[in-house]
Amino acid sequence: MTDAPTILSAFRYVHEVLKQTALLLQTSDQVLAERDWEGLVGNTCFDETSTHIQLTRRWLPHVAHRFYGTDAAPLVLLFVSVLLDDRNNEYEPMDECLLTAGAIVCNDKEWGDHWKLWWGRWHGFQRPRHDDGRIIVSERKDWAEQSDADAIIERVITKGVPLPTVRSTDDLRTFLEPLLREVEVYREGS
Amino acid sequence: MVESTRQVLLAQLRHKLSRTEETSEDLLTSNVFGAFKYSGDLTLLGSFLAEACFRRTGSHLTVPDVRACEYRFWPWLRNSEVAGCEPDVVLLLEDGERRTVLIGIEAKYRSGKSSRATEEGAPTDQLAREWLALRAEMGSVGADRFHLVYLTADFGMPCEDIDESLDELDRKCVSPGDVPADIAWLSFRRLPRLLAGASAPILRDLRMLLQDAMLVEFEGVALPPTRLPPAFEFRRAQTVRHLAWPAPPAILDYAFASHLSPACRRFNWPPVPGVLAYKFELRPAFRWPLPVLPPSAVWSFSP
């Protein structure tokens, strides 16, 4: 028995990462519920995986996400996600898994069902992207290309930090607080 | 008794129980407080209870330096104000000066309260009834104070559950001028971290059981195992806000720990790398970026 890494130990490590990711997102559910943000997707926390023999790149999740809404701010779709991998090399270079959070602001009356799960990966696409916890705001009017589905979006606010830097519930609260302050203006009556 | 408690715990650890049994809140309660009772670890019990947080004041439960504890499992408490009730555990803690605290525990795992508040009549909410019964019991046993702890598997305080109970108490039982009732909340998830250093075998088994049931908190993601030189974490022993590398090593004193060698030791700075500039800013610690980690051969350590 040695401490040398093995494939088995690597797999067990991956399971531990997924377990901690699940705990982090469940903690996020509770932290945001305290602020009246309710989960929108039940127990689901990832998609875009496959059991297909040839789609090995999809055997493991590349993101784990939670989405939230509140009647008090119907224009805002909130998400907290962990970007586990840049599966398709779509993002600005990513050196480490990221804890990200964001608010997607609708230009209509409310979101309803008109939103996409992939938006939980939005921080990865921000250009320039900063992974030091600062707020990044992206306005639709500044985007060169837009799909019809995205036309409903007015503004996207995201932030992200390397996952290993978040080590406790308090760290998560500290991470989320600036974003929650940022979206306070969208509360009805504010 | 201790052996039967241990046997049930081991049977659950080995997945010999049915799914229904494994998710039973009574079994979980028995495993947790049975392990406390038979380990005799009063310090750990006190530390666990001290994690409980009151809904109204936001303060933590003040637990005395526990010298003795009487455990009563599922006692039937009678009370003239409301129907009797059966908290999961009632503890009578005694400190070195024979002051006593009565603590009732209502544990929930995968179910909610067994009864809810009503508009009129005597209190019917489960927590409200237990709070009243404990208040009466405090007089019976001569305790100096009492508290009700709502023990759940939540990640954060289940405010709605507790507010509903407190609201019913406010409406029906608390007179103007009385100190308002308060209920503390505690999570099973706080326990594995506290059990990490426990020496009693039954407490170590309990930790494994809680981890197996995912009754743990988020603890952060460790960096992967690697054959590369260990990542060292340096903690400042002096007040240094900015450090431009190289700096005179003689005037800086660091303490370090690595994931391979967790014990913290003093560290003598060896040959100074000349090309890296680090900013400590106001953080108390910084982690050496792995890609530029110097070869381990250049480090020397003095215990």
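What counts and how
- Residues numbered from 1 in each chain as written.
- Chains lettered and ligands numbered in written order.
- Predicted model: local features only at pLDDT ≥ 70, side-chain atom pairs only at ≥ 80, totals over all residues.
- Heavy atoms only, no water.
- Contact = heavy atoms within 4.5 Å.
- Buried area = accessible area lost by both parts, 1.4 Å probe.
- Salt bridge = Lys/Arg side-chain N within 4 Å of Asp/Glu carboxyl O.
- Nonpolar A, V, L, I, M, F, W, Y, C, P; charged D, E, K, R; others polar.
- Pairing = 2+ DSSP bridges.
- Helix = DSSP H or I, 4+ residues; strand = E, 2+ residues; numbered from the N terminus.
- Axes fitted to C-alpha atoms, helices over the stretch in contact; angles between N-to-C directions.
- Patch = residues over 30% accessible without salt bridge, like charges linked within 9 Å, V, L, I, M, F, W, Y side chains within 5 Å.
- Areas by Shrake-Rupley, 256 points an atom, 1.4 Å probe, with all protein chains shown as cover.
- Lys, Arg positive; Asp, Glu negative; His and termini not counted.
- Charge placed at Lys NZ, Arg CZ, Asp CG, Glu CD.
- Buried < 20%, exposed > 50% of the residue type's maximum accessible area, 1.4 Å probe, protein only.
- Expected span 1.5 Å × (residues − 1).
- Polar contact = N/O pair within 3.5 Å; in protein donor to acceptor, adjacent residues only side chain to side chain.
- Parallel < 35°, antiparallel > 145°, perpendicular 65-115°, else oblique.
- Left-handed = near helix turned anticlockwise from the far one by under 90°.
- Phe/Tyr/Trp six-rings, centres within 6.5 Å; stacked < 30°, edge-to-face > 60°.
- Lys NZ or Arg CZ within 6 Å of the ring centre and 35° of its normal.

Undergrad: Account for the interface of chain B and chain A, with residues named and values stated.
TA: By a widely used convention, the size of an interface equals the accessible area lost when the partners come together. Each partner contributes to the interface: chain B provides 19 residues, whereas chain A provides 19 residues. Where chain B abuts chain A, roughly 1,800 Å² becomes buried across the two surfaces, and 64% of that area is made up of carbon and sulfur atoms. It is Phe155(B), Phe218(B) and Val221(B) that lose the most area in chain B upon contact with chain A, and together they represent 44% of the buried surface on that side. If you look at where chain B meets chain A, you find zero salt bridges. Partitioning the side of chain B that touches chain A into residue classes produces 10 nonpolar, four polar and five charged.

Undergrad: Describe the sheet that holds strand 3 (residues 89-94) of chain B, and please don't skip the residues or the numbers.
TA: Residue and element names in this part refer to chain B. Taking strand neighbours across the sheet as the criterion, the six strands line up as 1-6-5-4-3-2 in an open arrangement whose pairing is mixed. In this open sheet, the two strands that pair with only one neighbour each are strand 1 (53-54) and strand 2 (68-73). Relative to strand 6 (residues 184-187), strand 1 is paired through two bridges, and the arrangement is antiparallel. Within the sheet, the bridge partner assigned to cysteine 53 lies in strand 6 and is tryptophan 185. Each of strand 2, strand 3, strand 4 (100-107) and strand 5 (145-152) touches helix 5 (residues 126-141); the most contacted strand, strand 5, lies at about 145° to it.

Undergrad: An account of a negative patch on the surface is needed here, citing residue identities and associated values.
TA: There is a patch of like negative charges on the surface, built from Asp36(A), Glu38(A), Asp71(A), Asp108(A), Glu110(A), Glu188(A) and Glu160(B). Its location among the elements puts Asp36(A) in the loop between helix 1 (7-33) and strand 1 (38-39). Asp36(A) sits in the partly exposed class, given a relative accessible area of 49%.

Undergrad: Go over helix 3 (residues 25-39) of chain B, please, and point to the residues and values.
TA: Residues and elements named next belong to chain B. The end-to-end C-alpha distance of helix 3 is 21 Å, a good match for the 21 Å that 15 residues give at a rise of 1.5 Å each. When we look at burial in helix 3, the residues that qualify are Glu25, Leu27, Leu28, Thr29, Asn31, Val32, Phe33, Gly34, Ala35 and Phe36. In this structure serine 24 caps helix 3, since a side-chain oxygen of it lies 3.2 Å from the backbone nitrogen of aspartate 26.

Undergrad: Give me the lowdown on the packing of helix 1 of chain A against helix 3 (residues 169-183) of chain A, citing residues and values where you can.
TA: Residues and elements named next belong to chain A. Two elements in contact, helix 1 and helix 3, have axes whose closest approach is 10 Å; the angle formed by their N-to-C orientations is 55°. In this view, helix 1 runs oblique relative to helix 3, as classed from their interaxial angle. Helix 1 and helix 3 meet at a crossing whose hand is right-handed. Here Leu24, Thr27, Ser28, Val31 and Leu32 of helix 1 lie close against helix 3, whose contacting residues are Thr169, Leu172, Arg173, Leu176 and Leu180. When grouped by side-chain class, the residues that make up the contact of helix 1 with helix 3 number six nonpolar, three polar and one charged.

Undergrad: If you had to explain the side chain of Gln30(A) to someone new, which residues and values would you point to?
TA: As for its placement among the helices and strands, Gln30(A) is situated in helix 1. Setting aside its immediate chain neighbours within four residues, Gln30(A) contacts Asp154(B), Phe155(B), Gly156(B) and Met157(B).

Undergrad: Requested: an account of the packing of aromatic side chains, with residues and values cited.
TA: Following the criterion strictly, the structure yields 12 aromatic pairs over all chains and no others. Judged by centre distance (5.9 Å) and plane angle (85°), the ring pair of Trp118(A) and Phe125(A) falls under edge-to-face. Between Tyr71(B) and Phe73(B) the ring centres are 6.2 Å apart and the planes differ by 5°, which places this aromatic pair in the stacked class. A relative accessible area of 12% places Tyr71(B) in the buried class. Among the aromatic residues, those joined into a ring-pair cluster are Tyr91(A), Trp118(A), Trp119(A), Trp122(A) and Phe125(A). The aromatic ring of Tyr109(B) is capped on one face by Arg110(B), whose charged end is 5.1 Å from the ring centroid.

Undergrad: I'd love a proper account of the pattern of salt bridges, names of residues and values included.
TA: This structure, assessed with the given rule, holds 30 salt bridges over all chains. Put simply, Arg127(A) and Glu92(A) hold a salt bridge, and the shortest N to O gap is 3.2 Å. You can see Arg127(A) sitting in the loop between helix 2 (122-125) and strand 5 (136-139) and its partner Glu92(A) sitting in the loop between strand 3 (76-83) and strand 4 (98-106), a full 35 residues away along the chain. Judged by relative accessible area, Arg127(A) falls into the exposed class, the value being 59%. Take Glu92(A): its relative accessible area is 27%, and that puts it in the partly exposed class. Between Glu94(B) and Arg98(B) there is a salt bridge, and its shortest N-O distance comes to 3.4 Å. Taking relative accessible area as the criterion, Arg98(B) reaches 64% and is therefore assigned exposed. Counted as one network, the salt bridges with shared partners bring together Lys113(B), Arg116(B), Asp125(B), Asp161(B) and Glu164(B).

Function cannot be inferred from these measures alone, as they are strictly geometric.
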